[in-house]
Amino acid sequence: MEKTISLFYNSSLKINRAFFAAAILTLFLPLFSCNSEDGVNKILCANAQSPVFISYKVISGKQVDFNFSIPVSIMDIKLEPETAIKNWQNGDTISLVFEDDHSAGEQITVDMLVQDADGNTLNLLLPFRTRNDRIPRMVINEIRTESGSSGSNKKGEFVEIKTINAGNLGAVRLFISRAGIDQPVYEFPPVEAAANEYIILHVRTYNEDAAVDELGGPESFAATKTTANASASARDLWTHVNSEVLRATDAVYLLNQDDEVIDAVMFYKTPEEWAKNKVLTQTAEMLAKQSAWLGKNGELIKTPSENDAAANVKPTATRTLCRDETVKDSNTANDWYLTDTSNATPGAPNSEKRLPGV
């Protein structure tokens with residue numbers, strides 16, 4: 001009986017002591033700041049902050065910076081494809097310097113193991129594109145927002161781009177607002193493009209297309225054999241996605257690696273469709289901030305509305321939205337018109353035949 005009472009008493013005492021210790025810790029823990037350097041605090045806060053990857057920035061053809069929440073050191077690193085590293089700098093920003101220049105927007109995947117001062121580790125596996133300082137001037141030139149037909153004559157949505165001068169397309173990103181403004185629909189590979197080249201980005205890819213990304217010179221332009229969508233005289237690139245990505249009321253824009261707008265177009269089918277898609281207002285504000293889309297009279301306005309967008313009121317698979325190639329690009333709706341029926345011209349100069357009454 002005494003042993004039983006004694007055991008019960010000791011057990012209760014342990015619980016009370018544990019409770020008392022927890023209470024004391026709860027009362028006094030707020031007094032310790034995780035910014036303090038004292039030994040007790042280092043013990044209490046050792047695991048309070050583990051490293052977190054925040055972002056990366058391509059500084060030049062030879063340098064890429066990786067930003068972390070706290071200072072870290074590289075424990076191991078591999079690059080794919082294999083790329084010689086000259087040196088790196090540890091810290092909350094790890095600056096990675098390549099042995100050779102990589103200035104064409106080529107894709108490299110980094111596999112990096114980092115560790116903070118407390119021994120916490122983080123494994124970063126990230127694809128990124130190197131700096132491209134030779135992006136050509138280019139404009140969005142023609143857009144098909146409607147799919148159509150069937151069988152071997154299926155017509156998919158596309159965005160046609162025209163280069164003004166020669167350059168490299170690597171790392172240029174194409175966004176479609178209603179498909180999402182956080183991730184591009186397409187990121188261009190490092191392709192050398194000539195001046196006045198027509199590039200068709202097929203944002204819908206059918207199985208029947210037998211799609212081939214034409215990444216070489218003009219000799220590669222006939223690589224895709226389909227007749228309904230590809231052009232034998234222009235560069236065909238494909239998202240390889242078979243779903244609706246582009247709508248009749250939408251916005252399309254190109255960004256460089258510094259998130260600067262290269263070119264943009266906003267268009268609408270109905271005011272109601274514009275009003276219910278708030279992402280279009282967000283896009284309009286971003287484009288206006290960079291003077292990449294203006295009011296119809298060429299004025300800078302904070303938030304362009306559907307009244308400032310190009311009219312895409314009667315689109316079909318053969319009736320596309322076209323930029324007037326005979327005038328200087330003004331970043332306004334005045335540059336755009338709907339072609340007349342059966343006058344879509346993917347990969348070729350835009351038809352001057354306009355849909356009457358629009």
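Cut-offs and rules
- Residues numbered from 1 in each chain as written.
- Predicted model: local features only at pLDDT ≥ 70, side-chain atom pairs only at ≥ 80, totals over all residues.
- Heavy atoms only, no water.
- Salt bridge = Lys/Arg side-chain N within 4 Å of Asp/Glu carboxyl O.
- Pairing = 2+ DSSP bridges.
- Helix = DSSP H or I, 4+ residues; strand = E, 2+ residues; numbered from the N terminus.
- Contact = heavy atoms within 4.5 Å.
- Axes fitted to C-alpha atoms, helices over the stretch in contact; angles between N-to-C directions.
- Polar contact = N/O pair within 3.5 Å; in protein donor to acceptor, adjacent residues only side chain to side chain.
- Buried < 20%, exposed > 50% of the residue type's maximum accessible area, 1.4 Å probe, protein only.
- Core = buried A, V, L, I, M, F, W, Y, C linked by side-chain atoms within 4.5 Å.
- pLDDT = per-residue confidence, 0-100.
- Expected span 1.5 Å × (residues − 1).
- Arc of directions from axis to C-beta.

Some thoughts on the pattern of salt bridges
No. 1: Tallied over the entire structure, the rule returns 15 salt bridges.
No. 2: Each of the salt bridges in this network shares a partner with another, and the network as a whole consists of K57, R131, D133 and D258.

Concerning the sheet that holds strand 10 (residues 173–176)
No. 1: Reading across the sheet, the five strands line up as 11-10-15-16-17 and stay open at both edges, with mixed pairing between neighbours. Strand pairing shows two members of the sheet lacking a second neighbour, strand 11 (186–187) and strand 17 (310–311), which therefore form its edges.
No. 2: Strand direction decides the pairing type here: strand 15 (residues 250–255) and strand 16 (residues 261–268), joined by six bridges, are antiparallel. When the sheet's bridge partners are listed, V252 is paired in strand 16 with V265.
No. 3: In this fold helix 4 (residues 278–289) packs onto strand 15 and strand 16, with an angle of close to 140° to the strand it touches most, strand 16.

Looking at the side chain of E214
No. 1: If you trace the backbone, E214 turns up in the loop between strand 13 (198–202) and strand 14 (235–238).
No. 2: Here the side chain of E214 touches T224 through a polar contact of 3.2 Å, landing on its backbone nitrogen.
No. 3: In terms of polar contacts, E214 uses its side chain to reach the backbone amide nitrogen of D236, at 2.8 Å.
No. 4: Once residues lying within four places of it in the same chain are set aside, the contact partners of E214 are S220, F221, A222, A223, T224, S231, A234, R235, D236 and L237.

Notes on the pairing of strand 14
No. 1: Burial along strand 14 is two-sided: the face carrying R235 and L237 and the face carrying D236 and W238 are both buried.
No. 2: Pairing of strand 13 with strand 14, which is carried by four bridges, proceeds in the parallel orientation. Looking at the pairing, L201 lines up with L237 of strand 14.

Thoughts on the pairing of strand 6 (residues 121–129)
No. 1: Sheet analysis places strand 5 (residues 107–115) next to strand 6, joined by nine bridges and oriented antiparallel. Each bridged residue has a counterpart across the sheet, and for L113 the counterpart in strand 6 is N123.
No. 2: A loop of five residues connects strand 5 with strand 6, the two strands running antiparallel in sequence, and G119 in this loop sits at a positive phi of about 90°.

What to know about the nonpolar core
Within soluble globular proteins, side chains that are nonpolar tend to cluster in buried spots.
No. 1: One finds I143, V159, L174, F188 and V252 to be the most contacted residues of the largest nonpolar core, which totals 45 residues.
No. 2: Counting only elements with at least two residues in this core, the list comes to strand 7 (138–144), strand 8 (158–163), strand 10, strand 13, strand 15, strand 16, helix 4 and strand 19 (336–338).
No. 3: With near-sequence residues (within four places) excluded, V252 lies in contact with I140, I143, V159, L174, F175, I176, L246, D263, A264, V265 and F267.
No. 4: One finds V64, F66, I74 and L126 within the second-largest nonpolar core, a separate group that totals 18 residues.

Topic: unusual backbone geometry
No. 1: Cis geometry marks the peptide bond from E80 to P81; its omega dihedral reads 0°.
No. 2: Inspection of the secondary structure assignment puts P81 in the loop between strand 2 (63–80) and strand 3 (85–89).
No. 3: Phi is positive for A210, close to 45°, though the residue is something other than glycine.
No. 4: Residue placement: A210 occurs in the loop between strand 13 and strand 14.

Brief notes about the confidence of the model for the protein
Detailed reading of predicted coordinates is not advised where the pLDDT is low.
No. 1: Overall, the prediction assigns the protein a mean pLDDT of 88, with 86% of residues at 70 or greater.
No. 2: Long-range and interchain partners of residues 1–46, a stretch whose pLDDT sits below 50, account for 15 contacts in this model, where long-range means more than four residues apart.

What to know about helix 4
Three- or four-residue spacings in an α-helix give side chains the same orientation, since the helix completes a turn every 3.6 residues.
No. 1: Relative to the 16 Å expected for twelve residues at 1.5 Å per residue, helix 4 spans 17 Å between its end C-alpha atoms, a close match to the ideal helical length.
No. 2: Within helix 4, the full set of buried residues consists of V279, L280, T283, A284, L287 and A288. In an axial view of helix 4, the angular spread of the buried residues amounts to 165°, which keeps them on one side of the axis. Of the residues in helix 4, the exposed ones pointing more than 90 degrees away from the buried face are K278 and K289.
No. 3: Tucked inside the fold, the buried residues of helix 4 contact strand 15, strand 16 and helix 3 (271–275).
No. 4: The positive-phi residue at the C-terminal boundary of helix 4 is S291, with phi of around 60°.

Notes on the environment of N196
No. 1: Relative to the helices and strands, N196 is located in the loop between strand 12 (192–193) and strand 13.
No. 2: Along the chain, N196 and R137 lie 59 residues apart, while their C-alpha atoms are 10.0 Å from each other.
No. 3: Beyond its immediate sequence surroundings of up to four residues, N196 is in contact with K162, T163 and I164.

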